[in-house]
Every structure is written in C-alpha cells, then in structure tokens.
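Structure at a glance
If you want the building blocks of each chain, they are given just below.
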Protein chains: 2
Amino acid sequence: MTVNSTQLTPLLFMERTAEVFGDKVGFVQGDQRFTYRQLASETTRLANAFRAAGIVDGDRIAYLSPNTAQMLIAHFAVPLAKAVLVAINTRLSPPEVLEILNHSGARLLVVDESLRSVVQPILVEAGGVERVVVVSVEPTPESDYATFLATGSDDPIPWRVDDEYRAISINYTSGTTGRPKGVQYTHRGAYLNALTEIIHSRHSPESVYLWTLPMFHCNGWCTTWGVTAVGGTHVGLRAVDPGEIWRLIAAEGVSHLNAAPTVLISLANHPAAVPFRGPMTITTAGAPPSPTIISQIEDLGATIVHVYGLTETYGPHTICEYQPAWDGSTHRAALLARQGVSFIGVDPIRVVDDNMDDVPSDGTTMGEVVMRGNNVMAGYYNDPAATAEAFRGGWFHSGDVAVWHPDGYIELRDRSKDIIISGGENISTIEVEQAVMAHPSVLEAAVVAIPHEKWGERPKAFVVAKPGAVVDPEEIIAFVKTRIARFKAPDAVEMVEQLPKTSTGKIQKYVLREQEWGDHARRIN
Amino acid sequence: MTVNSTQLTPLLFMERTAEVFGDKVGFVQGDQRFTYRQLASETTRLANAFRAAGIVDGDRIAYLSPNTAQMLIAHFAVPLAKAVLVAINTRLSPPEVLEILNHSGARLLVVDESLRSVVQPILVEAGGVERVVVVSVEPTPESDYATFLATGSDDPIPWRVDDEYRAISINYTSGTTGRPKGVQYTHRGAYLNALTEIIHSRHSPESVYLWTLPMFHCNGWCTTWGVTAVGGTHVGLRAVDPGEIWRLIAAEGVSHLNAAPTVLISLANHPAAVPFRGPMTITTAGAPPSPTIISQIEDLGATIVHVYGLTETYGPHTICEYQPAWDGSTHRAALLARQGVSFIGVDPIRVVDDNMDDVPSDGTTMGEVVMRGNNVMAGYYNDPAATAEAFRGGWFHSGDVAVWHPDGYIELRDRSKDIIISGGENISTIEVEQAVMAHPSVLEAAVVAIPHEKWGERPKAFVVAKPGAVVDPEEIIAFVKTRIARFKAPDAVEMVEQLPKTSTGKIQKYVLREQEWGDHARRIN
C-alpha cells in the first residue's frame, strides 16, 4: 500500500457530498426537507451519540425502520461510529426479529415508532440489547431519538476507516425456511458496488431517487450509498402504495426507482398510471420480470434496467446489458427479461453443473449460478459452516438455476427447489408463469409443481385476475398451450385474490406448495 | 482480505467487455473497425508475444504512438504481460525520448511508423532497448508489428493481478524545465479513476468517444480504460485537426471527447463548426477554460464538464460540479470556469499556505493546491528525492496556485511560477487572459510577467487575432481596463501569429518569458 492510498469506504461519499452539495435537498420525507449538510451533521452527531452510549469498534447496531431519513443516516452514522449496521426486515414477526437481534448480538436497537409493537413483546428475551431508541413519526424535540441525538457532540469524526475489509453491515437473508443467515458486507465491497450501481443505473447529481425498495434489503442494493455519492436526492417512502408512488413521481420529479417486478405490475395497472413526464429509469430485480411487464413499463416511457443478484452479492450482480442489435427485434422484451451478464468489475458469472464445470452455452442446459468478486459477501456472520458450504469450490453458490445462452447471457429458470420435473423433462416455472401472464386478463401468476401419479410432477398456476376481469381457468390453459410446449402448460389454474409474498415482493411459492403437497413426505416427485 | 476479493485492475474491464460486447465496434481507425472481441484477442496475443520476447514481471515497455488501436491495445496487453506501460509524448525531441527510454529502463519499444524518424537517431544510445517493433500506418501481414504479433500464442492469460498496488504505467511529465519525472500509476488507482471518469463524464455503452486527447497523456486521463469498461466505442485520431474532428463527429456520431481549452477554441472557431446533432459531452482540462470558450461550446449544444488535474493525479482530480442555483446566473460561465471540487472517492482537495494550513475560503487568498487519495500517484519512478519533495507534509504538492471560494470550489490563479507580483499586489495571469479573450477579435491570449523598474513586474499579453480581424493593441488594453482592475491590465500587447504550446495544448509561457527576461538573472522581480 502506498502513502497515497485511502481505504475505500462509503463514508467518503457523505464527506464529499456534504461539502459539494451542502445546500441541496438530500432527503425528502413528506413535508420535511433535509439538506446534505443537515444529513451529514446529524450523521456526525448520531455517531458521537453511539460512542457516548458505549458502542465500541465492531459492535452491531440494529435498525427496524421503513425508508426514512433516519434509516438513510444510519448507513453512514453506524460505520462512522466504527460499528456494523444490522438493518432488519420490517415484515418479520417478533420471534424472527428476536432471532436476528440475538444472533447478531446487537447492543443497540433503533426502531421506528410505527414498528414499536413488533419489538415490545421480545425485548425481555433480547438480552444483548442494552438500549432501544424510538424514532417518532412526527419529530419533536422531546422524542426519544432527539434526546438520544442530544447526547452526541458535533465534534468531527474523520470519514475514514483503517481497513477497507472491515464489515460495514450484516444483512440477514429472509430465507423462506431455516434460520436466518447474516450476510457480511465490507466497506470495500459497499464502496465498489455503489459506484457500479451508479454506472449501471445511470445516476447523476440530477437523480431524484424514490425509495420503493426497502433500505433493509441489501442496504437498498447499496443505493443508499450510491445516490449519496453522486449527490442525488433521496425521496423517502414508508410503504409501497402505488397511488402514493404516482403522486410522488409527479410531485418530486422522480427520475429513478428500484423495484421488484411485482411492484411494477401494481404501478402499471394502477388507475393513476400515466406516461412519465421526464426521463425515468427503473432498475428491477428480485424476480425475473415478464416480457409483458417490461413492455408495459417501457410504454409508459421508462428505461428498464434489469438486474439480478442476492443478498450475498450486495444486491444486483448481473445486468441485462442492452445490445443495439435488439432494436426492432420481435424477441426484444424476451431478451430484456434475461438476467444477463456480470456488473463491471465483477468476475464473470458462471453457470455450472454438480462438478463445478461450466454448462454448455446452449440456452437449454440448466445449471447453478455461481459468483465471485468484490461484490460477493465476506461470509455469513458467526457461521463458518454455512459460509464454507456456500463457497464450496471457491465460488458463491446462489441456489438459482439458469441456462447460459450462446451470447453469454444467463437466464434464470428457477430457484433450485422450484424446478418441475415432469416425465423426466425439466419445466421452468418461470417460463410457464410468463406464458400465463401474457394473457390480457391476468395480473399476476405463480406456478408450482404438484404431485402427479403418472408424470411425477405437473405445473399448477395460481392466478390473480386484473380488476374487473372475468377469467376462465380452462381458457388460460388453452392460451398457454398456444405459446409454449403443451407439456409445460399447467394441469390446473386456481384463481386467487392475492399471492403470498415476502416483504420485498418475492412470491412465497413454498406456501403454495405446502397446500398442494400436504400429505407427501417430500416436496419433489 | 477475504477469499472473494478480486484485486482491482483495469484488465477486468477488457475481460468483461469482450464477453458482453464482443461483436460491437470497440475501435474505429479510418476505414478499419475493430470489434471488442478482436481487441481482446489481439491483447492476449500481444501479451504472449511480449512474454515470448523475454519480458518478465515488472519490465517496462515503451510506446511512441499517436491515438491508434495499437496504442489502446497497449493499455491492456502490457499489463496483461505483467509489464509496465511507458507511453511517451510524441512531440518530444529525440534527446528527450532517449532520456525517458534510459530512465525507465524500457526493454522494448513499440513505435508508430510515422514517428520512426524520432527514434532512429537515438537507438544506439538507448542501450537498454533490446527490441524495436514498428507499427505500420497501413497494416500488412508482413509488417514488423504483424510479425511480432505472430510470435505470440492465443493461449489465454488470466485477466488478473496478484497485487492491485503494482505499477501499471509510468507517465513522464512534460515539464517545461528540468529532467522528466516518471509518474507511477497502480492497477488500483487506474481502476478507481476509470470508474469515476465514467461517472463524471457520464459515459455509457452508447458512448462514442473521439480521441482528441493524446493517450500518452495520463493514459488518456484513464479514459483508455474507462470507455472500454462501459463498452463504448473509441474513435482514433492521429492528429488534432479541427476539420477532421468535425468530420468524425458527424460521420461516427461522436458523443464524447476530452480536450484542452485550446483545442476547443480551434474547434469553435473553425469554418466547419455547426451545432452538434446529438448529445455531446466535452470534458475539458489542461488549462483554465475562459468563460468565453465555455459559452461558445455550450452555444453549439454541448455539455461542458470542466475538470482539473495533473499527470501526478491520473489526470483529472477535481470537477466543477454544476449547481442548480447557477441556472440563469449572469456569472454562470465564470462559475463554470472554476476548477471545482474533488472527484467522488478522492480525499477533499486543499489550498494551503507555506505552513500547510488551509487558506481562508474567501475567494482572494492564494495558496498551493495539494491532493491526496487513490488517484494520486504512487511516487516518481526511481526518484525518491523528488517523491519526498512532492509529498512533503503527506500531501502531493501540485505547484498550482489557487483561491478557495466560500462555496468550497477552488479556482486556479496560476502555476506558481506564473504569478505576477506588481507593486506588492498579486496579479493572476489567468484573470488577465480571460479579460483579453473576452474581446470579440481575440482568438487566444497568453499573459506573462515582464520586469518593470518601478512596480517590479507588470503583465504583458501575447495575442492571436481571429482570422481576418484587425486588432489594435491599445484598444485591447483599454478594453481590459473596463473589465478588471486597471492595475491588472497589461502594459503591453503584442500581436503574434501563434502561441508556443506543448503537445497537449498548454501554452508554454516560459518561452514567452525567456524572450522578455533575457538579461535578468531571475525570472521574478
């Protein structure tokens, strides 16, 4: 290392932006406007308050909060205090939150007033938590948070770290089963991933970024740090309400947002949907977007950036880079629906078989997606066994199943456990879902395997109709058979009011499977 | 370091872009078109040829070349061969080139056919150079370069380095006096600076980047690596010819270029100048651009990104970030002409007095600009004394004199040696030059100090008139007095056909001073 090398940390971003864009609005929260100078000054004060409360290097500080200014500030104040941020999924049940508090060993918990009821029943059992600070929805000088802040001084703390490989955050995966695992991010990884998020989502100082994506999810795909780095404006959002999103897009001149396809579906089909008035870039991930929703969003005037990743990869790891040759192609939306290629600076992604050999790039052979590089986690916190298992062969194993196309783009076919094997033929539930969703009356669909005496497994679709539409299940099945191989069409279509989902919009297929496989010992046939 | 951390190197960029944009045109050279697949494959072959020729880890390989595809390929092939690139200024005289060859200890020299005459007289004395490879202007299979390439295999070499702090290049400063110093860049610094160049110049895969800036100058401000990283298209240019530049802008759909203000002046005042038909971003540095040229270029429809740096800072280190409050300001062009604030991720720039204390941010107190961070060089090659001197107090000393404005933006007032002290008052030659250039008949101007019996020093202006304009020196002096303090107006204006310049467009004021101060022992009075 040379004398001139500064250790990489997102703290550098807040230092610079507070200097360069000090008077600019950094965070919009309802009627409140925080300039970057205010954000930085509260960051320093809060970090000093943490230290005054006894926090020492490497301690974990947990947050349970929607997308507020205080949650953004936490992304800088906690590392500035040389502590590690544990931003907890706000949709978890009290026992799940308790498990994370205890596993992370958090000494301090900051909770938004709206979520206090989640925390109250478990505090007795969360023995390591020495102090809970409640952030009021309507700030007052007497609030708990204000009182806590007042214990911190305004003495500057250098926006520096001594080792860029130290942990900056631990993000617990909202696994559908099993105990949560704490994914450790480093200052270096967060810094590098924030820069590539800026490049791939094309952020600039003019960005007005709406927080549809939870900040607790991969630290908002590192966009907490990235939008701050360029000096864009964050627009807070307490809950994903399509009407409120459309209102804020118009009122605040939103130019960028990140959202799972399910959020895009609710946006595009909302009565308030109108063509975007200015440039709008929507970065989507969390599930493979259907060609249908891609077309719908593009018709409203937005540019879609389709990315893919996991909590273990700091959020997005691949991008479906647009190729000029796709212009005017009839397959354009289908090409855009693929997960694509690695981000800039990341080791090339691979799709491998059980022996860690690359599968052929033939667009049909399935394999597991594995990753490596600076935006792959440092490991699971206090879980060497799970870390070793995840990194067997030197690559992080995503558990996602994909094909590799001849052009080098990957396309997810399934989460490992969601593959349908029917009469020895693999069926991708995603492919079936996309065919179902192409039907004009369908709003959303999920396909799972159901047991079948002859074929082993067969697909079944759970379908939400568009408001006012009347849907005949048989018609859906016939429609799907016109679009994909007949053997892939669902045996059954069940109309439902809504699909079970995680807080980040992933459909919980295991819930659907449970109800279909109740009597079977295994979930694969 | 964790198992998942890949050492930072621009080699990762070529690896990815060749995979993702393999069929895309990466380099345009006259009628030739190189796809990224071709660029990457020639990179591998050339690196293997270097190794076959006996190059070992850390060896220096020198290039003397205009902005060709081969010069771009060198930026990847030399580090892929684990060697260090020494791209030599093509405007240097044979003895100057010899000095660099000998100081760097280059074992191999690649020279463009057009520059062979520079090399031929000195090869006898360049004892360390074991092999010279000549690149033909018109490629043939029998050319020296093709023959050399044929000695390399196509065996893949991993696009990886074992230590990101290793040197990737040595760039010799074209100092106006004294022996050249070899500025060492690291893989890490080049990687990080390339990413921030992308962000600040807003490059994307759609970028069509015209090489008006020499690649030998700070490795093209790291744009060699940056445009490759995003998969943009490089457009080569052998010489800065305004007519050819205008032709290429139209023919190739150029969207970006980097150029010193003097190039912009020649562009804006060329008969072929027309408003840009598409989006155009021009990043300018190398000398403070006058508000006049900024307005001219903006009137043609381009966005100006004004940056500032030195060879020692990988090229640009600061950017004049645009503030929304400047919209409609009558001072807008003057605000844009300031050098601004540090790049994202770089330590905040400082302006200091002789005791290394910050000067007040009052817009009038002058001090020296000092820098630190990941885009400051690792030191001068084989020159610990010069390195220690440059880094006294732990910061790199630029030798540039600036004021610090209340908004934190720096504004260059002079190269240290160009300050005019007249009757105890400091006069910035840049300020005087900008006043002279505001005159409608003036194309270009340079101001230097001349000795004066009473006042010590007084400003004198050397002025190039616009084509066809008749300029009265007295009228210029009177005009300047209407714009800035009268004591700053030049005592004399001399009309000249052209100004002496370095290859990168910097005006060589020392040449002008020499002729004015010939009889004086010192160059300051």
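Calculation criteria
Residues numbered from 1 in each chain as written. Chains lettered and ligands numbered in written order. Predicted model: local features only at pLDDT ≥ 70, side-chain atom pairs only at ≥ 80, totals over all residues. Contact = placed C-beta atoms within 7 Å. Helix = DSSP H or I, 4+ residues; strand = E, 2+ residues; numbered from the N terminus. Nonpolar A, V, L, I, M, F, W, Y, C, P; charged D, E, K, R; others polar. Least-squares fit on C-alpha atoms with pLDDT ≥ 70 in both. Pairing = 2+ DSSP bridges. Axes fitted to C-alpha atoms, helices over the stretch in contact; angles between N-to-C directions. Buried ≥ 20, exposed ≤ 12 C-beta atoms within 10 Å, placed from the backbone. Parallel < 35°, antiparallel > 145°, perpendicular 65-115°, else oblique. Left-handed = near helix turned anticlockwise from the far one by under 90°. Core = buried A, V, L, I, M, F, W, Y, C linked by C-beta atoms within 7 Å. Domains from an automatic or database assignment. pLDDT = per-residue confidence, 0-100.

Turning our attention to the interface of chain A and chain B. Often the size quoted for an interface is simply the accessible area lost on bringing the parts together. Facing the 38 residues of chain A at the interface are 38 residues of chain B. Secondary structure elements with two or more residues in the side of chain A that touches chain B: α1 (11-20), α7 (187-201), α9 (223-230) and β15 (341-342) of chain A. When residues in the side of chain A that touches chain B are grouped by element, the largest group, six residues, is from α1 of chain A. Per-class residue counts for the side of chain A that touches chain B are 20 nonpolar, eleven polar and seven charged.

As a further point, take the relation of the copies chain A and chain B. The transformation that overlays chain A on chain B combines an axial shift of 0.0 Å with a rotation of 180 degrees, and the residual RMSD is 0.0 Å. Read as a symmetry element, the transformation amounts to a two-fold axis. It is I199 of chain A whose C-alpha, among those of chain A, lies nearest the rotation axis, at 3.2 Å. With an isologous cut-off of 70% or more, the 100% of interface residues of chain A that recur at the interface of chain B puts this contact in the isologous class.

Residue and element names in this part refer to chain B. The sheet built from nine strands is open, its strands ordered β2-β1-β10-β9-β11-β12-β13-β14-β15 with mixed pairing. Single-partner strands in this sheet number two, and they are β2 (32-35) and β15 (341-342). Bridge count for strand β1 (residues 25-29) against β2 is four bridges, and the pairing is antiparallel. Paired with Q29 across the strands is Q32, a residue of β2. Helix α10 (residues 242-252) contacts β1, β9 (208-210) and β10 (233-235) of the sheet and is inclined by roughly 170 degrees relative to β9.

Turning our attention to the pairing of strand β14 (residues 315-319) of chain A. All names here are of chain A. Summarising burial for β14: five of the five residues are buried, a large majority. Pairing analysis gives four bridges linking strand β13 (residues 303-310) to β14, with the strands arranged antiparallel. Looking at β14, one finds that Y308 is bridged to T318. Hairpin connection, β13 to β14: the antiparallel pair is bridged by four residues, and Y314 has positive phi, about 60 degrees. Bridge count for β14 against β15 is two bridges, and the pairing is antiparallel. Within β15, the position partnered with T318 by the bridge is S342.

Residue and element names in this part refer to chain A. At a minimum axis distance of 8 Å, the contact between α7 and α9 shows a crossing angle of 65 degrees. Judged by the angle between their axes, α7 and α9 are roughly perpendicular. Relative to α9, α7 is oriented so that their crossing is right-handed. Seen from α7, the contacting residues are A190, A194, E197 and I198; seen from α9, they are T223, W225, G226, A229 and V230. Counted by class, the contact of α7 with α9 contains six nonpolar, two polar and one charged residues.

Right, let's get into helix α12 (residues 291-299) of chain B. Residues and elements named next belong to chain B. Along α12, the positions that sit buried rather than exposed are T292, I293, I294 and I297. Each element contacted by the buried residues of α12 is listed here: α11 (261-268), β12 (281-284), β13 (303-310), α13 (332-336) and α15 (429-437). Trailing α12 by a residue or two, G301 shows a phi angle of about 105 degrees, which is positive.

The subject of this paragraph is the environment of Q7 of chain A. Residues and elements named next belong to chain A. Tracing the backbone shows Q7 in the segment before α1. According to the C-beta neighbour criterion, Q7 is partly exposed, with 18 such atoms within 10 Å. Between the alpha carbons of Q7 and P66 there is a distance of 30 Å; along the sequence they are 59 residues apart. Setting aside residues up to four positions removed in sequence, Q7 forms contacts with R160, V161, D162, D163 and E164.

Let us look at the nonpolar core. Side chains of nonpolar character tend, in soluble globular proteins, to be buried together. With 310 residues, the main nonpolar core has I88 of chain A together with I88 of chain B as its most contacted residues. When residues no more than four places from it in sequence are discounted, the contact partners of I88 of chain B are A62, Y63, L64, V97, I100, Y172 and F216 of chain B.

The next thing to look at is the domain arrangement of chain A. Taken as a whole, chain A is organised into domain 1 (1-23 + 35-199) and domain 2 (420-517). Domain 1 of chain A and domain 2 of chain A are separated by 40 Å when their C-alpha centres are compared.

Here we come to the pairing of strand β17 (residues 366-371) of chain A. Residue and element names in this part refer to chain A. Here three bridges tie strand β16 (residues 350-352) to β17, and the two strands are oriented antiparallel to one another. Residue pairing for β17: R350 is matched across the bridge by V370. Across five bridges, the pairing between β17 and strand β18 (residues 396-404) is antiparallel. Opposite G367, over in β18, you have A402 as the bridge partner.

Before going further, it helps to examine the sheet that holds strand β11 (residues 256-259) of chain A. Sheet strands associate in pairs through backbone hydrogen bonding, adopting either a parallel or an antiparallel arrangement. All names here are of chain A. The nine strands are arranged β2-β1-β10-β9-β11-β12-β13-β14-β15 in an open sheet whose pairing can be described as mixed. Of all strands in the sheet, those with a lone pairing partner are β2 (32-35) and β15, marking the two edges. Bridge count between strand β9 (residues 208-210) and β11: two bridges; the pairing is parallel. In the strand pairing of β11, L210 is matched with L257. Along the sheet face, helix α2 (residues 36-52) touches β1 (25-29) and β2 and points at about 75 degrees away from the line of β2.

On to the confidence of the model for chain A. Mean pLDDT over chain A works out to 91, with 94% of the residues at or above the 70 mark. Complex prediction metrics read pTM 0.87 and ipTM 0.87.

This part covers α11 of chain B. All names here are of chain B. Counted residue by residue, α11 has six buried out of eight residues, so it is predominantly covered. Among all positions in α11, only P261, T262, V263, L264, I265 and L267 are buried. Along its buried surface, α11 packs onto α10, β11 (256-259), β12, α12 and β22 (442-452).

Residues and elements named next belong to chain A. The N-to-C vectors of α1 and α2 enclose an angle of 140 degrees; their axes lie 8 Å apart at closest approach. When the axis of α1 is compared with that of α2, the two are oblique. Both α1 and α2 take part in a crossing whose hand is left-handed. Listed contacts from α2 to M14, T17 and A18 of α1 are Y36, R37, A40 and T43.

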